[in-house]
Amino acid sequence: MNKLFSHHSRRFSLTLAAAAVAALVVSLAASAALGPILTDPFTNPDSQHKTVVEPDTYSAGSTIVAVAQMGQFSDEGASGIGFARTTNNAATWTSGVLPAITRYQNPAGPYDRATDASVAFDARHNVWIAASLGLRLPGPKGAAVIASRSTNGGLTWTPPVTIAAATGSQDFEKPWIVCDDTATSPFYGSCYAAFDDHGNGNAFKAAYSRDGGLTWTLSSTPNVGVIGVQPLVLPNGKLIVIVDNPSETAVGVIPSGNGGVSFGSATTITSITAAVDPGNIRSSPLPSAEIDGAGKVYVAWQDCRFRSGCSSNDIVYVTSTNGTTWSLVLRVPIDSVTSTVDHFVPGMGADKSSATANSRIAVTYYYFPNVFCTITTCQLDVGFISSSNGGTTWTAPTQLAGPMSTPWLPCTNKGYMFGDYISTSFGSDGIAHPVIVVAHAPGPSTGGCSTASTYDVALYG
């Protein structure tokens, strides 16, 4: 077993050092105006409302589906999972709530809360599948990884089926889903869900479906601790799962060559060196992974290795054409390494219709212009940068939203939260469509982190 994936230690907190002051260069290129596409409809008194956080998206042709959690609790989980879908490359959106997951819905679902939504499209069975995590109290604990299905392009959804149910000391977290949509693949039409068991050393878990997400079979997995799983399928059908080790000090990969029936050992891609972000913002160097039309893999995360004294985080990435050998760590050139800007939580996007030297990729990310800020002074922004040649050159960055004060975000026991992930997907128009969490100054609230509050936080796309 690779030593970086054999233990569960705490991530070392790096001390922020001084850096020279420099202004963030913002592109003057026009981008499509983002507007609200999903708002929180829940009213239960025990969670924070008008809150939508932690989106994922997936695209198939001109259809893009986004999922996110709504009605955030301060101690993990949400009142339910919402969805938004467009069939015209983000020109217009419709939205709703995935049915029958939590007790706050009508009809009620079996779970006390829900969290960690992700979405995929199964081209062979023409079905959209949204994976999420059902939580139960006390805890809350991850009781089951579940899948909601849509057979009409994301317009309506079925009550969830169970991918994996926790037993004993198991406590599941952070599921992610992907499907094999390559018609020539030996596993075409297979869908895969990967997650971890926090109750047992963050043990890596996975399951597969061959019938459009109706039924699932647990995979045989190595005894290794992981967090932040991101499964991808190469054009030849090989499945790779990008992971962090539990201490978030290394990013690695776990392969399967037999359609998810079993997995090989975890191997390290590279170490992670991440600075602690200011402002009590909830963030960490979890990977964001995507694949282009030729099967080239891009994996991004936040990292301070290019900064003197690890003063703040850049967005960095690695690439691979086979999931086995990887490039050196590359830096997304958003601004100078001597700037005071702190970048975090990237959403990597890759155009599935582009390939080789002309691969279109994009990164959406959050940032603080001045890393030397506090809860009361930090100004949160959302940025976007893209490349039309696989990262050889990049456009100037564009500011999509902000500035926002961090206390405008829902407060959790791990910090102010817009999500552990964000997402960027390319439509059939060849344009990257970010979906982001945007906060405005809230009205009067009823309390802080330990009680229900009302915010003004929605999903924009």
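Located above this text is the structure these notes cover.
These remarks concern the structure in this document.

Quick notes on the rules
Residues numbered from 1 in each chain as written. Predicted model: local features only at pLDDT ≥ 70, side-chain atom pairs only at ≥ 80, totals over all residues. Heavy atoms only, no water. Helix = DSSP H or I, 4+ residues; strand = E, 2+ residues; numbered from the N terminus. Rg over C-alpha atoms; globule rule 2.2 N^0.38 Å. Buried < 20%, exposed > 50% of the residue type's maximum accessible area, 1.4 Å probe, protein only. Contact = heavy atoms within 4.5 Å. Areas by Shrake-Rupley, 256 points an atom, 1.4 Å probe, with all protein chains shown as cover. Pairing = 2+ DSSP bridges. Axes fitted to C-alpha atoms, helices over the stretch in contact; angles between N-to-C directions. Core = buried A, V, L, I, M, F, W, Y, C linked by side-chain atoms within 4.5 Å. Phe/Tyr/Trp six-rings, centres within 6.5 Å; stacked < 30°, edge-to-face > 60°.

Let us now look at the overall build of the protein. Helix and strand content of the protein: zero helices and 30 strands. Relative to its length of 461 residues, the protein is compact, with a C-alpha radius of gyration of 20 Å against a globular reference of 23 Å. C-alpha atoms of the protein, sized along the principal axes, occupy 55 × 50 × 45 Å. Relative to its full complement of 461 residues, the protein shows a buried share of 60%. Long-range pairs, those at least 24 residues apart, make up 59% of the contacts in the protein between residues at least 6 apart in sequence. Carbon and sulfur atoms make up 55% of the accessible area of the protein, which totals about 16,200 Å².

Strands sit in the order β1-β30-β29-β28 across an open sheet of four strands; the sheet is antiparallel. Edge positions in the sheet fall to β1 (36-38) and β28 (423-426), since each has one partner strand and no second. Shown here is a sheet whose adjacent strand axes are inclined to one another by a mean of 40°, direction ignored. Where strand β29 (residues 432-439) lies against strand β30 (residues 457-460), four bridges are found, and the strand directions are antiparallel. In the sheet register, Ile436 faces β30, and the bridge partner there is Tyr460.

Buried residues dominate β29, accounting for eight of its eight residues. The alternating pattern of β29 places Ala432, Pro434, Ile436 and Val438 on one face and His433, Val435, Val437 and Ala439 on the opposite face, and all of these are buried. One ladder, built from four bridges, connects β28 with β29; its direction is antiparallel. Looking at β29, one finds that Thr424 is bridged to Pro434. Hairpin connection between β28 and β29: a loop of five residues separates the two successive antiparallel strands, and Gly430 in this loop has a positive phi of roughly 75°.

Glancing now at the nonpolar core. Ile281, Phe344, Tyr366, Leu380, Phe418, Ile436 and Leu459 are the most contacted members of the largest nonpolar core, which totals 41 residues. Counting only elements with at least two residues in this core, the list comes to β1, β3 (63-72), β22 (342-350), β23 (361-368), β24 (379-387), β25 (398-405), β29 and β30. No other element matches β29, which puts six residues into this core. In this view, Leu380 contacts Ile281, Phe344, Tyr366, Tyr367, Phe368, Gly402, Pro403, Met404, Leu409 and Phe418; residues no more than four positions away in its chain are not counted. Grouped together as the second largest cluster of nonpolar side chains are 21 residues, Ala194, Tyr208, Val241 and Tyr421 included.

Inspection of the entire model under this criterion finds 12 aromatic pairs. Ring geometry for Trp176 against Tyr421: centres 4.9 Å apart, planes inclined by 50°, an arrangement best described as tilted. Residue Trp176 is found in strand β10 (residues 172-179), and its partner Tyr421 is found in the loop between β27 (415-416) and β28; the two are separated by 245 residues along the sequence. Taking the centre distance of 5.1 Å and the plane angle of 50° together, the rings of Phe344 and Phe368 count as tilted. Here the residue Phe344 occupies a position in strand β22, and Phe368 occupies one in strand β23, the gap between them amounting to 24 residues.

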